[in-house]
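One letter stands for each residue in the lines below.
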Amino acid sequence: MSRLSRRGFLQFSVAAAVASTAACSSDEPEISPDKRFPPGSFGASATAEAVTEGVNLSGKTALVTGCNSGLGYETLAVLAGRGVHVIGTGRTLEKAQQACASVGGKTTPLALELADFQSAVDCADAVKGMGVQLDMVIANAGINAFGELILVDGIERTFRVNHLGHFVLVNHLLPLMNPQGGRIVHVGSRSAYKQAPPAGIVFDSLNGDVVLESGEYYGQSKLANALFSLQLSKQLAGSGVTSNVIHPGLVQTNIARNAPAVIRKGFEWVGPLIAKTPAEGAATQVYVAANPEVAGVNGAYFEDCNPVTVNGPNHVFDQPMAQKLWQVSTQMTNGYV
């Protein structure tokens, strides 16, 4: 291993260790139970199979984005195995078809390129054409940012994919949601929220006018997932449909596939020691989407299958910022929402 790669590996290892132990480094824990909602019956070691064991999901329909790998694939497999008709999306139809064909149960593959707003509209239209009612929408797909600023049609790519693509898709799917208990689950990331700029979402950075560190782009895109869920929950209040955001934890997936080689190799070596398996990582999103304990819970943030409050300086529950994000997102997706 070269001197440079040793340094990179050590930096990665230290960062991973800090992320996993930060809750023990201050007087106040990073998270605490959200007493507005009942606690869950599962914890950090639960799997997606465990949180759905004994739950009758036959006849229900779910849409899962990013079904061809990682948490999305595990979610697809478990829900389909429990009798759910799972509509699984991939960046290409071929990827979605391969994933759906490899699991048991009823599945329907669809193409969804989240960087392309028209693709999100087309995907929603295809779902409408099926004549189904959606019981669950799990906005799971996402990318990480490793490197320089990249704009797609004038919008920072990570924000466009992780937030705006889902913003278009979910808004088009709202009329299809089951008014008697439909659930929308947004996959966020507490570790990523901490990478967001101190101000939260720097709106002037979304078109490149202000340049951020690469980690900050990912951080604010995942913060946007939480704020989108928060504002959507306000708009859905009393409708019978709920919106919640989850943190899956550090999970051994291919999210670092576009990272520099040193970071990828470091995660391959260290990840199995500190990260959850995909089965464990998918537990919280499957729990929030399908377990009866979560019925009626709206506007919550979940971690390890429990509703929690994020303590200390953060913007996860920043209602004014959530409102501004909705307004800006509507403007940025004009003509598609």
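Residues numbered from 1 in each chain as written. Predicted model: local features only at pLDDT ≥ 70, side-chain atom pairs only at ≥ 80, totals over all residues. Heavy atoms only, no water.

Enquirer: Break down the nonpolar core for me, with residues and values.
Expert: Side chains that are nonpolar tend, in soluble globular proteins, to be buried together. Judged by nonpolar contacts, the single largest core of 53 residues is most densely connected at Val127, Leu134 and Leu173. Secondary-structure elements contributing two or more residues to this core are α5 (117-130), α6 (157-173), α8 (214-236), β11 (306-310) and α12 (319-332). Setting aside anything within four residues of it in sequence, one finds Val127 in contact with Leu63, Ile87, Leu110, Val132, Leu134, Leu173 and Leu176. In this structure, Ala96, Ala99, Ala282 and Cys305 belong to the second largest nonpolar core, which totals 38 residues. (Core = buried A, V, L, I, M, F, W, Y, C linked by side-chain atoms within 4.5 Å. Buried < 20%, exposed > 50% of the residue type's maximum accessible area, 1.4 Å probe, protein only. Helix = DSSP H or I, 4+ residues; strand = E, 2+ residues; numbered from the N terminus. Contact = heavy atoms within 4.5 Å.)

Enquirer: Summarise helix α11 (residues 283-290); cite the residues concerned and give the values.
Expert: Buried residues dominate α11, accounting for eight of its eight residues. Along α11, the positions that sit buried rather than exposed are Ala283, Thr284, Gln285, Val286, Tyr287, Val288, Ala289 and Ala290.

Enquirer: Got a sec to walk through the packing of aromatic side chains? Specific residues and values, please.
Expert: Using the criterion set out here, one finds seven aromatic pairs in the structure. Ring plane angle 50° and centroid distance 6.1 Å describe the contact between Tyr193 and Tyr301, whose orientation is recorded as tilted. Of this pair, Tyr193 sits in helix α7 (residues 190-193) while Tyr301 sits in strand β10 (residues 301-303), placing them 108 residues apart in sequence. Ring centres of Phe228 and Trp326 lie 5.6 Å apart, and the angle between their planes is 50°; this geometry places the pair in the tilted category. (Phe/Tyr/Trp six-rings, centres within 6.5 Å; stacked < 30°, edge-to-face > 60°.)

Enquirer: Could you give an account of the sheet that holds strand β5 (residues 136-139), with specific residues and numbers?
Expert: Pairing is mixed in the open sheet, where nine strands are placed in the order β1-β11-β10-β9-β8-β5-β2-β3-β4. For this open sheet the edge positions go to β1 (31-33) and β4 (107-111), each flanked by a neighbour on one side alone. Going across the sheet, the axis of each strand differs from the next one's by a mean of 30°, ignoring polarity. Relative to β10, strand β9 (residues 242-247) runs parallel, the two sharing three bridges. Bridging across to β10, Val245 finds its partner in Tyr301. Across the sheet, α6 is in contact with β2 (61-65), β5 and β8 (183-187); its angle to β2 comes to roughly 165°. The sheet contacts of α8 involve β8 and β9, and relative to β9 the element is tilted by about 160°. (Pairing = 2+ DSSP bridges. Axes fitted to C-alpha atoms, helices over the stretch in contact; angles between N-to-C directions.)

Enquirer: Now, about the pairing of β5: what can you tell me, with residues and values included?
Expert: Residues Met136 and Ile138 line one face of β5 and the alternating positions Val137 and Ala139 line the opposite face, and both faces are buried. Note: β2 against β5, three bridges, orientation parallel. Following the sheet pairing, Leu63 is matched in β5 by Val137. Summarising the sheet, β5 and β8 pair through four bridges and their orientation is parallel. Each residue of the ladder has a partner; that of Ile138, found in β8, is Val185.

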